[in-house]
Amino acid sequence: IALLRRAGAIADEAFAAIFSTIGEGVEDFTVAAAAVGRMRALGATEAFETCVVAGPPVGLKHGYPRHRKLAAGDMVFLDLGANYRGYRSDVSRCTVIGPASGDARDLLELGLDLY
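No experiment lies behind these values; they were computed from the predicted model shown.

Conventions and cut-offs
Residues numbered from 1 in each chain as written. Predicted model: local features only at pLDDT ≥ 70, side-chain atom pairs only at ≥ 80, totals over all residues. Heavy atoms only, no water. Helix = DSSP H or I, 4+ residues; strand = E, 2+ residues; numbered from the N terminus. Expected span 1.5 Å × (residues − 1). Buried < 20%, exposed > 50% of the residue type's maximum accessible area, 1.4 Å probe, protein only. Arc of directions from axis to C-beta. Core = buried A, V, L, I, M, F, W, Y, C linked by side-chain atoms within 4.5 Å. Contact = heavy atoms within 4.5 Å.

A. The arrangement of helix H1 (residues 2-21) in detail. The end-to-end C-alpha distance of H1 is 29 Å, a good match for the 28 Å that 20 residues give at a rise of 1.5 Å each. Along H1, the positions that sit buried rather than exposed are Ala7, Ile10, Ala11, Ala14, Phe15, Ala17 and Ile18. With its buried residues spanning 155° around the axis, H1 presents them on a single face. Exposed positions of H1 whose direction lies more than 90 degrees from the buried face are Ala2, Arg5 and Ser20.

Structure follows, in structure tokens:
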């Protein structure tokens, strides 16, 4: 159980790295690299390829970085997992670059209500 908790804590740290990196004009690969770098620094590897999907294809989920710069108003789907000593975590989040409005805001609020 301690190893599972550690895998989850490492994934949380990877998301902290993402949210300190993500922003308008930042490339999606840079966002993914921040997460992977943090997991590695904490002794883990990726449980699966880190997903960063932004803009129109965000609804497809489970896509991978494609050298796209994030733009204001983009919804961003993030999915990652840490593999720590053979135990794997899996966490996903969704956010918006800049203030959320319209459909993006409605979807994020719905997600919070479901949580």
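B. Quick look at the nonpolar core. With 24 residues, the main nonpolar core has Val31, Val76 and Leu80 as its most contacted residues. The set of elements that each furnish at least two residues to this core consists of H1, helix H2 (28-41), strand S2 (51-54), strand S3 (75-80) and strand S4 (82-84). The element that contributes the greatest number of residues to this core is H1, accounting for six residues. Each residue touching Leu80, except ones within four places of it in the same chain, is listed here: Ala11, Ala14, Phe15, Ile18, Ala35, Met39, Phe48, Thr50, Ser89, Asp90 and Val91.

Keep in mind these values describe shape, not function.
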